[in-house]
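Results of the structural survey
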Amino acid sequence: ARAFSAALPAASKASSSEVHLDFNENPWGPSAAARRAMEQGVALSGRYPYRFQYQLVDLLARQLSVPAEHIEIYAGSKVALQQAVMAFTGGSRSLVLATPTYEAPALAARAQGAAVHEIDLDARHAHDIGAMLAADANLGAIYICNPNNPTGTLTPMVQIERALREKPAGALVVVDEAYIHYCDAPSCVPLVKDHPDLLVLRTFSKIYGMAGARLGYAVGQPALLEKLNVLGEQNVAAASSLLGGIASLEDRALLPERRQANARIRSENMAWFRDRGFTCTDAQGNFFMVDLRRPASDVAQALAQHGVRVARTWENWPTWMRVTVGKEEEMARLRKAFALVALPAKH
Ligand code: PLP
(Lines give C-alpha, C1' and ligand atoms only; values in the text may rest on other atoms or scores of the structure.)
Protein backbone atom coordinates (compact mmCIF):
# COMPACT_ATOMS: atom_id res chain seq x y z
CA ALA A 1 0.00 0.00 0.00
CA ARG A 2 1.33 3.41 -0.81
CA ALA A 3 1.59 6.06 1.81
CA PHE A 4 -0.94 8.77 1.15
CA SER A 5 1.48 11.42 2.31
CA ALA A 6 3.57 10.52 -0.75
CA ALA A 7 0.59 11.10 -3.03
CA LEU A 8 -0.34 14.47 -1.63
CA PRO A 9 1.52 17.55 -2.84
CA ALA A 10 3.76 18.84 -0.07
CA ALA A 11 3.16 22.42 0.99
CA SER A 12 6.56 23.52 -0.27
CA LYS A 13 7.05 25.90 -3.19
CA ALA A 14 9.20 23.40 -5.05
CA SER A 15 6.39 20.86 -5.18
CA SER A 16 4.07 23.17 -7.12
CA SER A 17 6.34 22.75 -10.13
CA GLU A 18 6.67 19.01 -9.71
CA VAL A 19 5.64 16.84 -12.62
CA HIS A 20 3.42 13.94 -11.57
CA LEU A 21 3.80 10.96 -13.89
CA ASP A 22 3.32 8.50 -11.05
CA PHE A 23 -0.32 7.49 -10.53
CA ASN A 24 -1.75 7.02 -14.05
CA GLU A 25 -3.90 10.11 -13.66
CA ASN A 26 -5.12 12.20 -16.56
CA PRO A 27 -3.23 15.50 -16.84
CA TRP A 28 -6.21 17.18 -18.56
CA GLY A 29 -8.65 16.47 -15.72
CA PRO A 30 -12.43 16.64 -16.25
CA SER A 31 -13.62 18.05 -19.60
CA ALA A 32 -14.98 21.62 -19.72
CA ALA A 33 -18.55 20.28 -19.93
CA ALA A 34 -17.94 17.93 -16.99
CA ARG A 35 -16.59 20.81 -14.89
CA ARG A 36 -19.72 22.89 -15.56
CA ALA A 37 -21.96 19.94 -14.68
CA MET A 38 -19.96 19.27 -11.51
CA GLU A 39 -20.47 22.87 -10.41
CA GLN A 40 -24.22 22.43 -10.81
CA GLY A 41 -23.86 19.26 -8.76
CA VAL A 42 -22.33 21.21 -5.91
CA ALA A 43 -25.41 23.44 -5.74
CA LEU A 44 -27.66 20.35 -5.75
CA SER A 45 -25.68 18.57 -3.05
CA GLY A 46 -28.22 19.20 -0.28
CA ARG A 47 -30.19 16.15 -1.47
CA TYR A 48 -29.24 12.50 -1.97
CA PRO A 49 -28.53 12.20 -5.68
CA TYR A 50 -30.29 8.90 -6.54
CA ARG A 51 -32.01 10.34 -9.58
CA PHE A 52 -28.67 11.34 -11.12
CA GLN A 53 -27.35 7.85 -10.43
CA TYR A 54 -30.35 6.34 -12.28
CA GLN A 55 -29.75 8.78 -15.16
CA LEU A 56 -26.12 7.76 -15.40
CA VAL A 57 -27.07 4.06 -15.37
CA ASP A 58 -29.61 4.60 -18.16
CA LEU A 59 -27.11 6.52 -20.28
CA LEU A 60 -24.42 3.87 -19.79
CA ALA A 61 -26.93 1.12 -20.58
CA ARG A 62 -27.81 2.83 -23.88
CA GLN A 63 -24.19 3.47 -24.85
CA LEU A 64 -22.98 -0.02 -23.91
CA SER A 65 -26.09 -1.81 -25.25
CA VAL A 66 -26.72 -3.66 -21.99
CA PRO A 67 -29.83 -3.68 -19.75
CA ALA A 68 -29.77 -1.08 -16.96
CA GLU A 69 -30.03 -3.95 -14.43
CA HIS A 70 -26.55 -5.05 -15.51
CA ILE A 71 -24.90 -1.84 -14.26
CA GLU A 72 -24.00 -0.76 -10.73
CA ILE A 73 -22.39 2.61 -9.95
CA TYR A 74 -19.66 2.89 -7.33
CA ALA A 75 -17.64 5.74 -5.85
CA GLY A 76 -14.61 4.54 -7.85
CA SER A 77 -14.14 1.13 -9.46
CA LYS A 78 -11.76 0.15 -6.67
CA VAL A 79 -14.70 -0.25 -4.25
CA ALA A 80 -16.45 -2.58 -6.68
CA LEU A 81 -13.24 -4.60 -7.01
CA GLN A 82 -12.74 -4.82 -3.25
CA GLN A 83 -16.37 -5.86 -2.68
CA ALA A 84 -16.13 -8.48 -5.43
CA VAL A 85 -13.02 -9.95 -3.82
CA MET A 86 -14.71 -9.89 -0.40
CA ALA A 87 -17.76 -11.68 -1.80
CA PHE A 88 -15.89 -14.42 -3.67
CA THR A 89 -12.76 -15.18 -1.64
CA GLY A 90 -12.10 -16.14 1.97
CA GLY A 91 -12.29 -19.41 3.87
CA SER A 92 -10.82 -21.95 1.46
CA ARG A 93 -11.49 -19.81 -1.64
CA SER A 94 -8.42 -18.06 -3.01
CA LEU A 95 -7.69 -15.22 -5.40
CA VAL A 96 -5.46 -15.63 -8.44
CA LEU A 97 -3.96 -12.69 -10.28
CA ALA A 98 -0.93 -11.76 -12.34
CA THR A 99 2.29 -10.28 -11.08
CA PRO A 100 2.94 -7.46 -11.57
CA THR A 101 -0.62 -6.17 -11.66
CA TYR A 102 -2.88 -3.69 -9.87
CA GLU A 103 -2.48 -4.57 -6.21
CA ALA A 104 -5.91 -3.65 -4.74
CA PRO A 105 -7.53 -7.10 -5.18
CA ALA A 106 -4.61 -8.92 -3.51
CA LEU A 107 -4.74 -6.50 -0.57
CA ALA A 108 -8.50 -7.04 -0.22
CA ALA A 109 -8.12 -10.83 -0.29
CA ARG A 110 -5.28 -10.82 2.25
CA ALA A 111 -7.24 -8.46 4.51
CA GLN A 112 -9.80 -11.22 5.02
CA GLY A 113 -7.28 -14.03 5.25
CA ALA A 114 -7.77 -15.50 1.77
CA ALA A 115 -4.85 -17.14 -0.04
CA VAL A 116 -3.48 -15.16 -2.99
CA HIS A 117 -1.73 -16.78 -5.96
CA GLU A 118 0.44 -14.44 -8.00
CA ILE A 119 1.32 -15.75 -11.46
CA ASP A 120 4.03 -14.21 -13.66
CA LEU A 121 2.91 -12.60 -16.90
CA ASP A 122 3.85 -14.68 -19.96
CA ALA A 123 6.67 -13.85 -22.38
CA ARG A 124 4.44 -11.33 -24.21
CA HIS A 125 3.38 -9.76 -20.91
CA ALA A 126 -0.16 -11.13 -21.19
CA HIS A 127 -1.87 -12.92 -18.30
CA ASP A 128 -0.79 -16.59 -18.28
CA ILE A 129 -4.34 -17.93 -18.09
CA GLY A 130 -3.27 -21.61 -18.17
CA ALA A 131 -1.01 -21.17 -15.15
CA MET A 132 -3.61 -19.01 -13.38
CA LEU A 133 -6.28 -21.71 -13.79
CA ALA A 134 -3.86 -24.39 -12.57
CA ALA A 135 -2.86 -22.40 -9.46
CA ASP A 136 -5.53 -23.79 -7.12
CA ALA A 137 -8.55 -26.09 -7.35
CA ASN A 138 -10.32 -23.80 -4.86
CA LEU A 139 -10.18 -20.58 -6.85
CA GLY A 140 -12.81 -18.12 -5.67
CA ALA A 141 -11.89 -15.29 -8.03
CA ILE A 142 -9.63 -14.65 -11.02
CA TYR A 143 -8.54 -11.05 -11.59
CA ILE A 144 -7.60 -10.01 -15.13
CA CYS A 145 -6.46 -6.43 -15.66
CA ASN A 146 -6.82 -5.51 -19.33
CA PRO A 147 -4.79 -3.49 -20.28
CA ASN A 148 -2.68 -4.52 -17.32
CA ASN A 149 -1.38 -2.01 -14.80
CA PRO A 150 1.64 -1.48 -14.55
CA THR A 151 2.75 -3.00 -17.88
CA GLY A 152 0.01 -1.56 -20.11
CA THR A 153 -0.11 -4.84 -22.02
CA LEU A 154 -3.16 -6.68 -23.32
CA THR A 155 -4.38 -10.23 -22.79
CA PRO A 156 -6.04 -11.69 -25.91
CA MET A 157 -9.83 -12.14 -25.78
CA VAL A 158 -9.48 -15.87 -26.53
CA GLN A 159 -7.53 -16.24 -23.29
CA ILE A 160 -10.18 -14.40 -21.28
CA GLU A 161 -12.82 -16.64 -22.87
CA ARG A 162 -10.72 -19.64 -21.88
CA ALA A 163 -10.71 -18.44 -18.26
CA LEU A 164 -14.51 -18.17 -18.37
CA ARG A 165 -14.81 -21.66 -19.86
CA GLU A 166 -12.31 -23.51 -17.68
CA LYS A 167 -12.58 -21.81 -14.29
CA PRO A 168 -14.05 -23.79 -11.37
CA ALA A 169 -17.85 -23.61 -11.22
CA GLY A 170 -19.01 -20.63 -9.18
CA ALA A 171 -15.66 -18.83 -9.32
CA LEU A 172 -15.74 -15.18 -10.37
CA VAL A 173 -13.81 -13.73 -13.32
CA VAL A 174 -13.19 -9.99 -12.86
CA VAL A 175 -11.96 -8.13 -15.91
CA ASP A 176 -10.70 -4.68 -14.95
CA GLU A 177 -11.06 -2.35 -17.94
CA ALA A 178 -9.89 0.85 -16.21
CA TYR A 179 -7.63 1.64 -19.20
CA ILE A 180 -9.57 0.00 -22.07
CA HIS A 181 -10.73 3.36 -23.48
CA TYR A 182 -7.16 4.21 -24.44
CA CYS A 183 -6.86 1.35 -26.96
CA ASP A 184 -8.76 -0.49 -29.67
CA ALA A 185 -8.95 -3.82 -27.85
CA PRO A 186 -12.41 -5.38 -27.60
CA SER A 187 -14.22 -4.98 -24.29
CA CYS A 188 -15.61 -7.91 -22.30
CA VAL A 189 -18.87 -6.02 -21.66
CA PRO A 190 -20.70 -7.86 -24.51
CA LEU A 191 -19.79 -11.22 -22.89
CA VAL A 192 -21.69 -10.40 -19.67
CA LYS A 193 -25.09 -11.49 -20.99
CA ASP A 194 -23.81 -15.07 -21.52
CA HIS A 195 -21.64 -15.36 -18.41
CA PRO A 196 -23.25 -15.14 -14.96
CA ASP A 197 -19.80 -15.21 -13.28
CA LEU A 198 -18.21 -12.36 -15.28
CA LEU A 199 -17.80 -8.90 -13.77
CA VAL A 200 -16.38 -6.07 -15.89
CA LEU A 201 -15.12 -2.93 -14.15
CA ARG A 202 -14.84 0.53 -15.68
CA THR A 203 -13.94 3.95 -14.29
CA PHE A 204 -14.26 7.68 -14.93
CA SER A 205 -10.84 8.17 -13.28
CA LYS A 206 -8.69 7.63 -16.33
CA ILE A 207 -9.68 8.81 -19.81
CA TYR A 208 -12.45 11.03 -18.37
CA GLY A 209 -9.96 12.64 -15.97
CA MET A 210 -12.14 12.34 -12.87
CA ALA A 211 -9.89 10.40 -10.46
CA GLY A 212 -10.58 12.94 -7.72
CA ALA A 213 -14.35 12.71 -8.19
CA ARG A 214 -14.43 8.94 -7.43
CA LEU A 215 -16.81 7.43 -9.97
CA GLY A 216 -16.76 3.97 -11.52
CA TYR A 217 -19.11 1.14 -12.40
CA ALA A 218 -19.46 -2.61 -12.62
CA VAL A 219 -21.18 -4.53 -15.41
CA GLY A 220 -22.54 -7.95 -14.47
CA GLN A 221 -25.75 -9.96 -14.33
CA PRO A 222 -28.17 -8.82 -11.59
CA ALA A 223 -27.63 -11.88 -9.35
CA LEU A 224 -23.87 -11.27 -9.44
CA LEU A 225 -24.22 -7.54 -8.71
CA GLU A 226 -26.40 -8.53 -5.76
CA LYS A 227 -23.60 -10.76 -4.40
CA LEU A 228 -21.27 -7.76 -4.38
CA ASN A 229 -23.52 -6.15 -1.75
CA VAL A 230 -21.32 -7.32 1.10
CA LEU A 231 -22.58 -4.44 3.25
CA GLY A 232 -26.25 -5.26 2.66
CA GLU A 233 -26.99 -2.44 0.25
CA GLN A 234 -25.14 -0.20 -2.17
CA ASN A 235 -24.15 3.38 -1.58
CA VAL A 236 -24.81 6.31 -3.90
CA ALA A 237 -22.05 8.36 -5.56
CA ALA A 238 -21.67 12.14 -5.14
CA ALA A 239 -24.08 14.45 -7.02
CA SER A 240 -21.29 16.46 -8.64
CA SER A 241 -19.47 13.31 -9.73
CA LEU A 242 -22.59 11.75 -11.21
CA LEU A 243 -23.39 14.92 -13.18
CA GLY A 244 -19.77 15.16 -14.32
CA GLY A 245 -19.93 11.55 -15.48
CA ILE A 246 -23.13 12.14 -17.44
CA ALA A 247 -21.67 15.24 -19.13
CA SER A 248 -18.51 13.28 -20.02
CA LEU A 249 -20.50 10.50 -21.68
CA GLU A 250 -22.72 12.93 -23.56
CA ASP A 251 -19.68 14.56 -25.17
CA ARG A 252 -19.03 11.97 -27.87
CA ALA A 253 -15.94 13.77 -29.20
CA LEU A 254 -14.11 13.65 -25.86
CA LEU A 255 -13.07 10.02 -25.83
CA PRO A 256 -11.61 9.79 -29.36
CA GLU A 257 -9.81 13.14 -28.88
CA ARG A 258 -8.19 12.06 -25.65
CA ARG A 259 -7.38 8.58 -26.94
CA GLN A 260 -5.58 10.11 -29.93
CA ALA A 261 -3.64 12.69 -27.91
CA ASN A 262 -2.57 10.04 -25.40
CA ALA A 263 -1.50 7.59 -28.12
CA ARG A 264 0.56 10.26 -29.87
CA ILE A 265 2.42 11.42 -26.75
CA ARG A 266 2.86 7.83 -25.56
CA SER A 267 4.38 6.62 -28.83
CA GLU A 268 6.66 9.68 -29.20
CA ASN A 269 8.06 9.11 -25.74
CA MET A 270 8.37 5.34 -26.07
CA ALA A 271 10.27 5.98 -29.31
CA TRP A 272 12.58 8.38 -27.44
CA PHE A 273 13.50 5.66 -24.93
CA ARG A 274 13.80 2.99 -27.64
CA ASP A 275 16.09 5.26 -29.68
CA ARG A 276 18.38 5.30 -26.66
CA GLY A 277 18.54 1.52 -26.50
CA PHE A 278 15.86 0.78 -23.90
CA THR A 279 13.11 -1.80 -24.21
CA CYS A 280 9.53 -0.68 -23.55
CA THR A 281 6.42 -2.77 -22.89
CA ASP A 282 3.80 -2.88 -25.66
CA ALA A 283 1.80 -0.36 -23.68
CA GLN A 284 -1.84 0.37 -24.58
CA GLY A 285 -2.98 2.59 -21.71
CA ASN A 286 -1.99 6.06 -20.46
CA PHE A 287 1.37 4.75 -19.17
CA PHE A 288 4.29 2.60 -20.30
CA MET A 289 7.21 0.75 -18.77
CA VAL A 290 10.87 1.07 -19.69
CA ASP A 291 13.56 -1.49 -18.79
CA LEU A 292 16.45 0.59 -17.44
CA ARG A 293 18.68 -2.49 -16.89
CA ARG A 294 19.52 -1.20 -13.42
CA PRO A 295 17.49 -0.60 -10.26
CA ALA A 296 14.59 1.59 -11.40
CA SER A 297 14.03 2.82 -7.84
CA ASP A 298 17.44 4.58 -7.91
CA VAL A 299 16.53 6.35 -11.14
CA ALA A 300 13.08 7.25 -9.78
CA GLN A 301 14.73 8.83 -6.75
CA ALA A 302 17.16 10.78 -8.90
CA LEU A 303 14.32 11.98 -11.15
CA ALA A 304 12.41 13.14 -8.06
CA GLN A 305 15.41 15.34 -7.18
CA HIS A 306 14.72 17.06 -10.51
CA GLY A 307 11.03 17.45 -9.75
CA VAL A 308 9.79 14.56 -11.88
CA ARG A 309 7.81 11.81 -10.16
CA VAL A 310 7.49 8.40 -11.79
CA ALA A 311 5.82 5.33 -10.28
CA ARG A 312 7.13 3.14 -7.51
CA THR A 313 8.86 -0.04 -8.68
CA TRP A 314 7.56 -3.61 -8.62
CA GLU A 315 9.45 -6.29 -6.68
CA ASN A 316 9.75 -8.82 -9.49
CA TRP A 317 10.34 -6.16 -12.18
CA PRO A 318 13.01 -4.14 -10.34
CA THR A 319 14.67 -2.68 -13.42
CA TRP A 320 11.46 -1.40 -15.01
CA MET A 321 10.22 2.17 -14.60
CA ARG A 322 6.52 2.98 -15.11
CA VAL A 323 5.79 6.41 -16.55
CA THR A 324 2.30 7.91 -16.85
CA VAL A 325 1.64 9.80 -20.08
CA GLY A 326 1.50 13.48 -19.19
CA LYS A 327 1.20 16.66 -21.25
CA GLU A 328 3.90 17.39 -23.87
CA GLU A 329 5.69 19.83 -21.59
CA GLU A 330 5.64 17.37 -18.69
CA MET A 331 7.14 14.64 -20.87
CA ALA A 332 9.80 17.11 -22.01
CA ARG A 333 10.68 17.64 -18.32
CA LEU A 334 10.94 13.87 -17.88
CA ARG A 335 13.23 13.45 -20.91
CA LYS A 336 15.45 16.32 -19.78
CA ALA A 337 15.75 14.97 -16.24
CA PHE A 338 16.27 11.42 -17.47
CA ALA A 339 19.09 12.54 -19.78
CA LEU A 340 20.76 14.21 -16.80
CA VAL A 341 20.46 11.37 -14.32
CA ALA A 342 20.46 8.18 -16.38
CA LEU A 343 22.16 8.69 -19.75
CA PRO A 344 25.91 8.69 -20.32
CA ALA A 345 27.26 12.26 -20.44
CA LYS A 346 27.93 13.63 -23.93
CA HIS A 347 31.52 14.70 -24.63
N1 PLP B 1 -8.12 -0.60 -11.62
C2 PLP B 1 -6.90 -0.30 -12.04
C3 PLP B 1 -6.20 -1.24 -12.94
C4 PLP B 1 -6.27 0.88 -11.63
O5 PLP B 1 -5.03 1.15 -12.04
C6 PLP B 1 -6.96 1.76 -10.76
C7 PLP B 1 -6.36 3.00 -10.29
O8 PLP B 1 -5.27 3.37 -10.57
C9 PLP B 1 -8.23 1.39 -10.35
C10 PLP B 1 -8.79 0.21 -10.79
C11 PLP B 1 -9.02 2.24 -9.39
O12 PLP B 1 -9.76 3.14 -10.09
P13 PLP B 1 -10.86 4.06 -9.41
O14 PLP B 1 -10.28 5.42 -9.38
O15 PLP B 1 -12.04 3.93 -10.33
O16 PLP B 1 -11.17 3.52 -8.05
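Our subject is the structure that appears above.
Everything in this summary refers to the structure shown in the same document. (Residues numbered from 1 in each chain as written. Predicted model: local features only at pLDDT ≥ 70, side-chain atom pairs only at ≥ 80, totals over all residues. Heavy atoms only, no water.)

**Description of the overall build of the protein**
In terms of helices and strands, the protein carries twelve helices and twelve strands. Relative to the compact-globule value of 20 Å for 347 residues, the protein shows a C-alpha radius of gyration of 20 Å, a close match. Principal-axis analysis of the C-alpha atoms places the extent of the protein at approximately 65 × 50 × 35 Å. Expressed as a percentage of its 347 residues, the buried residues of the protein come to 54%. Nonlocal contacts in the protein, meaning residues at least 24 apart in sequence, comprise 71% of its contacts between residues at least 6 apart. Working note: accessible area of the protein is about 16000 Å², and carbon and sulfur atoms make up 51% of it. In the protein, 36 side chains carry a positive charge and 34 a negative one; their mean positions are 5 Å apart. (Helix = DSSP H or I, 4+ residues; strand = E, 2+ residues; numbered from the N terminus. Rg over C-alpha atoms; globule rule 2.2 N^0.38 Å. Buried < 20%, exposed > 50% of the residue type's maximum accessible area, 1.4 Å probe, protein only. Contact = heavy atoms within 4.5 Å. Areas by Shrake-Rupley, 256 points an atom, 1.4 Å probe, with all protein chains shown as cover. Lys, Arg positive; Asp, Glu negative; His and termini not counted. Charge placed at Lys NZ, Arg CZ, Asp CG, Glu CD.)

**A look at the site of the ligand**
The ligand sits among 14 residues. The nearest are Ser77, Asp176, Tyr179, Thr203 and Ser205. Within the side chain of Thr203, one N or O atom sits 2.6 Å away from an oxygen atom of the ligand. In the environment of the ligand, an oxygen atom lies 2.9 Å from a nitrogen or oxygen atom belonging to the side chain of Lys206. In isolation the ligand exposes 400 Å². Once the protein is present, 91% of that is buried. Broken down by secondary-structure element, the contributors of at least two residues to the shell around the ligand are helix H4 (77-88) and strand S5 (139-145). For the shell around the ligand, the class distribution of residues is five nonpolar, five polar and four charged. (Near = heavy atom within 4 Å. Polar contact = N/O pair within 3.5 Å; in protein donor to acceptor, adjacent residues only side chain to side chain. Nonpolar A, V, L, I, M, F, W, Y, C, P; charged D, E, K, R; others polar.)

**Here's the deal with the state of the cysteines**
Each disulfide consists of a covalent bond between the sulfur atoms of two cysteine residues. Inspection of the entire model under this criterion finds zero disulfides. With no disulfide of its own, Cys280 has Cys183 as its nearest cysteine by sulfur position, at a separation of 17 Å. For Cys280, a relative accessible area of 8% gives the class buried. (Disulfide = S-S within 2.5 Å.)

**Observations regarding the pattern of salt bridges**
Under the defined criterion, the tally for this structure stands at ten salt bridges. The partner of Arg110 in a salt bridge is Glu118, with the nearest N and O atoms 3.9 Å apart. On the basis of relative accessibility, which here comes to 44%, the residue Glu118 falls in the partly exposed class. Of the charged contacts in the structure, one is a salt bridge between Arg259 and Asp184, with a shortest N-O distance of 3.5 Å. (Salt bridge = Lys/Arg side-chain N within 4 Å of Asp/Glu carboxyl O.)

**Quick look at the sheet that holds strand S12 (residues 320-324)**
Spatial ordering of the open sheet is given by S9-S10-S12, a layout of three strands whose pairing is antiparallel. The open sheet has two edge strands, strand S9 (279-280) and S12, and neither has a second partner. Relative to strand S10 (residues 287-291), S9 runs antiparallel, the two sharing two bridges. Bridge pairing in S10 links Cys280 to Val290. Its contacts with the sheet place helix H10 (residues 254-275) against S9, S10 and S12, and it is angled at close to 5 degrees to S10. (Pairing = 2+ DSSP bridges. Axes fitted to C-alpha atoms, helices over the stretch in contact; angles between N-to-C directions.)

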